Amino acid sequence: MSLHRRIYADLEGLILSGELSPGDRIPFEHELTERYGCSRMTVSKAISELAGRGLVTRRRRAGTFVAQPKAHAAVLAIPDLRAEVIERGQAYGYVLLERIARKPDGEDEIELASGGLLLDLTCLHSADGAPLALEHRLIALGAAPQAIDVDFHTVPPGSWLLDSAPWTEAENRILAIAADARAARLLQLKTGAACLCVERRTWRDGQGVTRVWQIFPGDRYDLVARFSSAHSPVLAKEPRR
């Protein structure tokens, strides 16, 4: 786990456990840099991700505070599939199937690209040798220009983005779909088999960063909602054992 992800996870744990309540101030950035022995940028990146999830709010000159829960709000955490699989003691596998830098096509892609090119990636994730997710991702090179030089044959794009391209806003859409012929072949399913599709978009300060579609076999993945009296529901994707 990278240092900024460790800081993020530590603060998230304090918030979701209720140890830090809505309205409580989290430690100042300079306090966290001393505690973790890291740069201000690393701490700021972790806090930006917490703010993007709606867990904290930043107040100029006052600090960062645990956000008040919003009625009927649900947060789907942005997962690092590689980290999730390894954390569960499974062998993670990954194959890059396609990679191309291209001009945007259609209004949605033009809006995401903001006048630049898109990096179009398709990859397959697996756990213990079994296909886990088929992923199609677009990365706006205007927002993350360094992505063009990354060897995505060796590093999953989702893992790289979480470490290198922080987001401030995210949108998730969850769909039940039937596997088309290609998805069925890659996920080792029958054509038309039930699948879970998670479509996600992220922005940084209003500029599009990425759009991704992840297709999971319906019998291998669950969506689990955890609730507490003090916090909004948090949805997590969990593979079925």
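In short, a report on the structure.

Definitions and cut-offs
Residues numbered from 1 in each chain as written. Predicted model: local features only at pLDDT ≥ 70, side-chain atom pairs only at ≥ 80, totals over all residues. Heavy atoms only, no water. Helix = DSSP H or I, 4+ residues; strand = E, 2+ residues; numbered from the N terminus. Buried < 20%, exposed > 50% of the residue type's maximum accessible area, 1.4 Å probe, protein only. Phe/Tyr/Trp six-rings, centres within 6.5 Å; stacked < 30°, edge-to-face > 60°. Lys NZ or Arg CZ within 6 Å of the ring centre and 35° of its normal.

Some words on unusual backbone geometry
Here's step 1: Non-glycine residue S114 carries a positive phi angle of around 50 degrees.
Here's step 2: Tracing the sequence through the fold places S114 in the loop between α5 (107-113) and β5 (118-127).
Here's step 3: The phi dihedral of Q188 is positive, around 60 degrees, even though this residue is not glycine.
Here's step 4: Structurally, Q188 is set in the loop between α7 (181-187) and β8 (194-204).
Here's step 5: For Q188, a relative accessible area of 58% corresponds to the exposed category.

With respect to the packing of aromatic side chains
Within a pair of aromatic rings, the relevant descriptors are the distance that separates the centres and the angle that separates the planes.
Here's step 1: Counted by the stated rule, this structure contains 1 aromatic pair.
Here's step 2: Between F152 and W160 the ring centres are 5.9 Å apart and the planes differ by 90 degrees, which places this aromatic pair in the edge-to-face class. Neither residue differs from the other here; F152 and W160 are each classed as buried.
Here's step 3: R25 extends its terminal NZ or CZ atom over the ring of F28, reaching a point 3.9 Å from the ring centre.
Here's step 4: The ring of F65 carries the charged tip of R59 above its face, separated from the ring centre by 4.1 Å.

These values are about where atoms sit, not about what they do.
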